[in-house]
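# Observations on the model geometry
Here are the chains, one letter per residue:
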Amino acid sequence: MKMSFRHCLLASAVVVSSLGFTASTQAALPFFSDKKDEVPSLAPMLEEATPAVVSIAVEGTQTSTQRVPEMFRYFFGAPQEQVQERPFRGLGSGVIIDADKGYVVTNNHVVDNADEITVKLTDGREFKAKKLGSDEQSDIALLKIEPDDLKALPLADSDALRVGDFVVAIGNPFGLSQTVTSGIVSALGRSGLNIGGYEDFIQTDAAINRGNSGGALVNLHGELVGINTAIFGPNGGNVGIGFAIPINMAKAILQDLKDKGSVTRGWLGVMIQKITPDLAKSFGLDQNEGALVGDVIPDGPAFKAGVKRGDVIVRFDDKVVKDMEDLPKMVAATTPNAVVNLQVIREGSSKTLRVKIEVLKDCLLYTSDAA
């Protein structure tokens, strides 16, 4: 499928000024060679980066439940539901993040329900992988393979990314190993996509297709800025809108997966909703920022701290809550038992409350309007 962006290394434009002369403006990728006669190329960087991106093959058994029609239950005494188990195979991508320990990061949905996981390197070697842990809400999984002469990608600071920065996606779409596509960062902090529980995606127009999941999104220094996760496409193909999990978001999750195989998240105990212009006016807010408390969970952390229904949360410790989607991510990233300052607007006045964050229990299902 054709990429939706113009893949070129040099883009020139001629501008006619009001003074009558022409000026050439040019946006170009930097040279990666000392030889002045060479054209710009990503090849030297990719030669270092691609050995750290692996292909992942999985095999397992998928369980499905099918409801038995009433007439069959009546005549044959069959149960109401039948459980069927079907074998499945799948392909995806992964990134080696620690060569000495053999750690490989990928998406949870790539290895979910897998009984056998095989990691294949660019040099043709194959390793059986052990899943150390996974997190469905963030769609992150951590694997371990034998640390035998591996190459890892250095981790970047994804918070330093800007819209317009050049990025490169590396993965195995449709089983085509070591496929490389380039583009730019189209947007940052994408959420509300109903892809996962905690969404804070990097959006890119670098082509991402099926099989790219778990692969690398790197900057021009060959540093890992994100884990390719999903695409937006009406027909399941690439239309220039792909999403990657920022590596900074994944770092804390990976540490939990290393230590205990699961993720511990903070819990505030409120149900929230978006601030509309009308609500902002009624609450005396200058801007449509913050998270409106629609309900407070009895005996939860917010309840104990004095948070009330109708409060507008505008700051969580030292972070501004710009939108409703910001708060759950901030709370989830907070260490349980930590005490934070919660700034709220109540009846037009600002109040600061001290809240002791508690552990989010498994029984407390996450929704897009919970924190």
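Figured I'd write up the structure that's included with this text. Only a predicted model underlies this, so the values are computations on that prediction, with no experimental measurement involved. (Residues numbered from 1 in each chain as written. Predicted model: local features only at pLDDT ≥ 70, side-chain atom pairs only at ≥ 80, totals over all residues. Heavy atoms only, no water.)

## Section: the packing of aromatic side chains
What the rule picks out here adds up to one aromatic pair. Measuring from centroid to centroid gives 5.9 Å for Phe201 and Phe243, while their planes differ by 55°, and the two rings are tilted. Placement of the pair is Phe201 in strand S12 (residues 201-204) and Phe243 in strand S15 (residues 242-246), with a sequence separation of 42 residues. The same class applies to Phe201 as to Phe243, namely buried. (Phe/Tyr/Trp six-rings, centres within 6.5 Å; stacked < 30°, edge-to-face > 60°. Helix = DSSP H or I, 4+ residues; strand = E, 2+ residues; numbered from the N terminus. Buried < 20%, exposed > 50% of the residue type's maximum accessible area, 1.4 Å probe, protein only.)

## Examining the sheet that holds S15
Taken together, six strands build a closed barrel; the order of strands is S10-S11-S12-S15-S14-S13 and the barrel is antiparallel. Averaged over all adjacent pairs, the angle separating strand axes in this sheet is 45°, with direction ignored. Examined bridge by bridge, strand S11 (residues 179-190) and S12 share three bridges and lie antiparallel to one another. In the strand pairing of S12, Val185 is matched with Thr204. Strand contacts of helix H4 (residues 247-260): strand S14 (224-231) and S15, with the helix running at about 50° to S15, the strand carrying the most contacts. (Pairing = 2+ DSSP bridges. Axes fitted to C-alpha atoms, helices over the stretch in contact; angles between N-to-C directions. Contact = heavy atoms within 4.5 Å.)

## Focus on the layout of surface pockets
Roughly 850 Å³ of volume is contained in the largest pocket. Mapped by element, the contributors of at least two residues to the lining of the largest pocket are S11, H4, strand S20 (319-320) and helix H7 (326-332). In terms of residue count, H4 provides more of the lining of the largest pocket than any other element does, five residues in total. For the lining of the largest pocket, the class distribution of residues is 14 nonpolar, seven polar and seven charged. (1 Å grid on protein atoms, 1.4 Å probe; cavity = no way out; pocket = protein on both sides within 12 Å on 5 of 7 lines; lining within 4 Å. Points joined across faces, edges and corners; volume = space filled by probe spheres on them. Nonpolar A, V, L, I, M, F, W, Y, C, P; charged D, E, K, R; others polar.)

## A word on the pairing of S12
Burial along S12 is two-sided: the face carrying Phe201 and Gln203 and the face carrying Ile202 and Thr204 are both buried. Looking at chain direction, S12 and S15 are connected through three bridges and run antiparallel. Following the sheet pairing, Ile202 is matched in S15 by Ala244.

## Examining the nonpolar core
Core analysis: the biggest nonpolar cluster contains 28 residues, and Val95, Ile97, Ile140, Leu153, Leu224 and Leu254 have the highest contact counts within it. The residues touching Val95, leaving out its near neighbours within four places in the chain, are Ala52, Val54, Tyr103, Val104, Val105, Leu153, Gly214, Gly215, Ala216, Leu224 and Ile227. Grouped together as the second largest cluster of nonpolar side chains are 22 residues, Val270, Ile313, Met330 and Leu342 included. (Core = buried A, V, L, I, M, F, W, Y, C linked by side-chain atoms within 4.5 Å.)

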